[in-house]
Amino acid sequence: MKKWTVDISHSTVGFEVKHMMVSKVRGQFTSYTADVVASDLEDLSTASIHFTFDVASIDTNSDDRDNHLKSADFFDVETYPSISFNSTNITKDGEDYKVTGDLTIKDVTKPITFDVEYGGKGTNPWGVEVFGFEAEAKINREEFGLTWNAALETGGVLVGKDIKIKVELEVNPTA
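Summary of the structure given here. (Residues numbered from 1 in each chain as written. Predicted model: local features only at pLDDT ≥ 70, side-chain atom pairs only at ≥ 80, totals over all residues. Heavy atoms only, no water.)

Glancing now at the environment of Asn 140. Residue placement: Asn 140 occurs in strand β10 (residues 129-140). The partly exposed category is assigned to Asn 140, whose relative accessible area is 22%. Along the chain, Asn 140 and Asp 162 lie 22 residues apart, while their C-alpha atoms are 4.6 Å from each other. Residues within four places of Asn 140 in sequence aside, it is in contact with Lys 161 and Asp 162. At a separation of 2.9 Å, a polar atom in the side chain of Asn 140 contacts the main-chain amide nitrogen of Glu 142. (Helix = DSSP H or I, 4+ residues; strand = E, 2+ residues; numbered from the N terminus. Buried < 20%, exposed > 50% of the residue type's maximum accessible area, 1.4 Å probe, protein only. Contact = heavy atoms within 4.5 Å. Polar contact = N/O pair within 3.5 Å; in protein donor to acceptor, adjacent residues only side chain to side chain.)

Written as structure tokens, this is what we have:
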């Protein structure tokens, strides 16, 4: 087995949620660590994957919104500073993969499955082999204790329940 490093400068861990029932707000976590161990990333089913996200690094392009998300209304960063994901099962699905694992937010752990597309491999200008993957999953934020909301006068709510998690990764072997 070989350890692989996520190239954070060429990767994104993002999310999107409905806002006011009519549009979407997108954001990302800019600070995270990842451990990927696999015999060969051309066959992701051999891998073990672990991510830890620094919740304080949340960025939705609005300081006011980011501060609200960090507060006790949502993530409660002072009590729960990180989110984690640990893979439990990875299966090949045609050319792609299903990566199932345990997602922990605010000390609530639930299984989720990412649909993962293998983007391929290449060699960068410094002779290092790189692999690309795109992953997507959907969760109900309320199942993880993220229940704050506000009713709209016109009906509906300010923040949708479903969160799409979108991950784009570039990984290379650990030196």
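Before going further, it helps to examine the packing of aromatic side chains. Here a ring pair, both rings aromatic, is described through the centre-centre distance and the interplanar angle of the planes. If you walk through the whole model with that rule in mind, you get 9 aromatic pairs. Relative to Phe 53, the ring of Phe 29 lies with its centre 5.9 Å away and its plane at 40°, an arrangement referred to as tilted. One end of the pair, Phe 29, is in strand β3 (residues 23-29); the other, Phe 53, is in strand β5 (residues 48-54), and 24 residues separate them in sequence. According to the relative accessible area criterion, Phe 29 is buried, its value standing at 9%. The class for Phe 53 is buried, based on a relative accessible area of 10%. Ring geometry for Phe 29 against Phe 75: centres 6.3 Å apart, planes inclined by 80°, an arrangement best described as edge-to-face. Here Phe 75 lies in the loop between α1 (63-70) and β7 (82-93) and Phe 29 lies in strand β3, a separation of 46 residues in the sequence. The exposure class assigned to Phe 75 is buried, which follows from its relative accessible area of 10%. (Phe/Tyr/Trp six-rings, centres within 6.5 Å; stacked < 30°, edge-to-face > 60°.)

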